[in-house]
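# Breakdown of the fold
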Amino acid sequence: MRPVQALIDLDALVHNYRHARRLGGGRALAVVKADAYGHGAVRCARALDGEADGFGVACIEEALELREAGVRSPILLLEGFFETAELALIERHDLWTVVASPWQVEALERHRPARPWTVWLKLDTGMHRLGLPPEAYADAWRRLQALGWVQDMVAMTHFARADELGEARTEQQLDAFDAALAGLPAGTAASVANSAGLMAWPRARREWVRPGLMLYGTHMLDAPCEAAAALRPVMQLQSQVIAVRELGPGEPIGYGGGFITDGPTRVGVVAMGYADGYAQYAPAGTPVLVGGARTRLIGRVSMDMLTVDLSGHPDAGVGTPVELWGPGLPVAEVAAHCDSSPYRLLSGLKRVRREYGP
Ligand SMILES: *Cc1c(COP(=O)(O)O)cnc(C)c1O
């Protein structure tokens, strides 16, 4: 069997969720979109079911996968519905939805409900992606309230740059949000923070927080933050050395021959490539753990294999375990070498078998 697998530590996931919830001080929606950022949405949601106050997904397909797996907690559609045909499914499967565009408000006004709804109404406070502009927000709120069957409403917004500590734009987004909130009924529940907002911006901790990336034990904050230090990595991406070569100086390695040995070099071939989701353009020097010791990528990553420098690792040989990222090597550090992000590396895994522990 090809020795490539992602070991998922569900205890670490639960630990990170509890940390997020405690930090937020209210309720916490566990974001498990994109197959739980590559960790397996069903297994992750089951591990948190009964504990999490709810789950966040990108679309109804992801929500139904959780319902079919027996997840009973609230599930919020973070992008709302894409077409009115989904309204019946939202009702049947007891889902919550974001409303972020005028056409969605109009669709709800035409809908004949069979039960009360929970709607999170999204305000655009400066990211300029989804959300109603501030001048349209109070009116949309009032129209949804007037329907009579939208029983619970949460005011929400989303940050563009919360992982940049000290970024003035985030304070401006918070100001814009609070200004809009002032026009809503007193006691309205609010939700502002993603992981970075939750960890780095105490002002963003409202009735609901929406941690995603931090649940998986990593972050992209650009400065040290105490709240991030408590996270435990959930995934360990594992493989093995499958061949070893001893090369002299001046020898090219891999496709394109762009990497040339500068002295006698012991090369390890690892079963892991870009078809598994490893970054295709990870440069020479990207860290890799072989037998628990740090070494570096050399030569170009190919579809199914990559090569590492074992020159200082005489004990490493065929069968030696390799960690591409995990508790011993932060995925964010690997991403920084690859001009990528932990979001993309984790959610981009393919062909990788997942094993769940502990
Ligand atoms: C994905 C998402 C989140 C979670 O973001 P992280 O940065 O992964 O914590 C929160 N809110 C919304 C609306 C999202 O789409």
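Every value quoted in this text rests on a predicted model; they were computed, and no experiment measured them. (Residues numbered from 1 in each chain as written. Predicted model: local features only at pLDDT ≥ 70, side-chain atom pairs only at ≥ 80, totals over all residues. Heavy atoms only, no water.)

Moving on to the pairing of strand β13 (residues 265-271). Of all seven residues in β13, seven are buried; the element is thus mostly enclosed. Where burial is concerned, the two faces of β13 agree: the one with Thr265, Val267, Val269 and Ala271 and the one with Arg266, Gly268 and Val270 are both buried. In this sheet, β13 lies alongside strand β10 (residues 235-247) in antiparallel orientation, the contact comprising six bridges. The residue bridging Arg245 from the neighbouring strand is Val267, located in β13. By the bridge criterion, five bridges tie β13 to strand β16 (residues 305-309) in an arrangement that is antiparallel. (Buried < 20%, exposed > 50% of the residue type's maximum accessible area, 1.4 Å probe, protein only. Helix = DSSP H or I, 4+ residues; strand = E, 2+ residues; numbered from the N terminus. Pairing = 2+ DSSP bridges.)

Moving on, we get to the side chain of Thr188. Assignment of secondary structure puts Thr188 in the loop between α8 (168-181) and β8 (189-191). Assessed through its relative accessible area of 14%, Thr188 is described here as buried. Among the polar contacts made by the side chain of Thr188, one reaches the main-chain carbonyl oxygen of Pro185 at a distance of 2.6 Å. Residues within four places of Thr188 in sequence aside, it is in contact with Trp141, Ala155, Leu181 and Glu207. (Polar contact = N/O pair within 3.5 Å; in protein donor to acceptor, adjacent residues only side chain to side chain. Contact = heavy atoms within 4.5 Å.)

With that settled, consider the packing of aromatic side chains. A complete count under the given rule lists nine aromatic pairs for this structure. Pairing Tyr278 with Trp325 gives two aromatic rings, centres 6.3 Å apart and planes at 15°, and the pair type is stacked. Here Tyr278, found in the loop between β13 and β14 (287-290), pairs with Trp325, found in strand β17 (residues 321-325); they are 47 residues apart in sequence, far enough to count as distant. With respect to burial, Tyr278 and Trp325 carry one shared label: buried. Grouped by ring-pair contacts, the aromatic residues Tyr37, Tyr216 and Tyr343 constitute a single cluster. Over the ring of Tyr356 we find Arg43; its NZ or CZ atom is 4.3 Å from the centre of that ring. (Phe/Tyr/Trp six-rings, centres within 6.5 Å; stacked < 30°, edge-to-face > 60°. Lys NZ or Arg CZ within 6 Å of the ring centre and 35° of its normal.)

What follows concerns helix α6 (residues 102-110). Owing to its 3.6 residues per turn, the α-helix aligns residues three or four sequence positions apart on the same side. Listing the buried residues of α6 in full gives Gln104, Val105, Ala107 and Leu108. Along α6, the residues classed as buried sweep out an arc of 160° about the axis, all on the same side. For α6, the exposed residues set more than 90 degrees away from the buried face come down to Pro102 and Arg110. Elements in contact with the buried residues of α6: α5 (86-92), β5 (96-99), β6 (117-122) and α7 (134-146). (Arc of directions from axis to C-beta.)

Attention now goes to the side chain of Thr218. Relative to the assigned elements, Thr218 resides in the loop between β9 (208-209) and α10 (226-229). Ignoring anything within four residues of it in the chain, the contact list for Thr218 reads Leu213, Leu231, Val331, Ala332, Pro342 and Leu346.

Enumeration over the complete set of coordinates arrives at zero disulfides. Cys44 provides the cysteine sulfur closest to Cys59, a residue in no disulfide bond, and the two sulfurs are 16 Å apart. (Disulfide = S-S within 2.5 Å.)

To continue, consider the site of the ligand. Taken together, the neighbourhood of the ligand is formed by Val31, Lys33, Tyr37, Leu78, His158, Asn194, Ser195, Arg210, Pro211, Gly212, Leu213 and Tyr343. One of the backbone N or O atoms of Gly212 is found 2.8 Å from an oxygen atom in the ligand. Taken together, the residues of the shell around the ligand sort by class into six nonpolar, four polar and two charged. (Near = heavy atom within 4 Å. Nonpolar A, V, L, I, M, F, W, Y, C, P; charged D, E, K, R; others polar.)

Take the domain arrangement of the protein chain next. Under the domain assignment used here, the protein chain contains domain 1 (10-225) and domain 2 (235-357). Of note, the centres of domain 1 and domain 2, computed from C-alpha atoms alone, are 36 Å apart. Facing 13 residues of domain 1, the contacting portion of domain 2 comprises 11 residues. Both faces combined, the contact of domain 1 with domain 2 buries some 1200 Å², and carbon together with sulfur accounts for 64% of it. Of all residues in domain 1, the largest losses of buried area upon contact with domain 2 belong to Tyr37, His39 and Met220, amounting jointly to 36% of the total for that side. For the interface between domain 1 and domain 2, the tally reads one salt bridge. The set of elements that each furnish at least two residues to the side of domain 1 that touches domain 2 consists of α1 (10-24) and α2 (33-38). Sort the elements by how many residues they give to the side of domain 1 that touches domain 2 and α2 lands first, with four residues. (Domains from an automatic or database assignment. Buried area = accessible area lost by both parts, 1.4 Å probe. Salt bridge = Lys/Arg side-chain N within 4 Å of Asp/Glu carboxyl O.)

Counted at 1.5 Å a residue, the expected span for α8 with its 14 residues is 20 Å, and the 20 Å between its end C-alpha atoms agrees. Thr170, Gln173, Leu174, Phe177, Ala180 and Leu181 are the residues of α8 that are buried. Relative to the axis of α8, the buried residues are bounded by an arc of 125° and lie together on one face. Its buried side turned inward, α8 meets α7, β7 (150-156) and β8. You can read the cap of α8 off the contacts: a side-chain oxygen lies 3.0 Å from the backbone nitrogen of Arg169, and it is on Glu167. (Expected span 1.5 Å × (residues − 1).)

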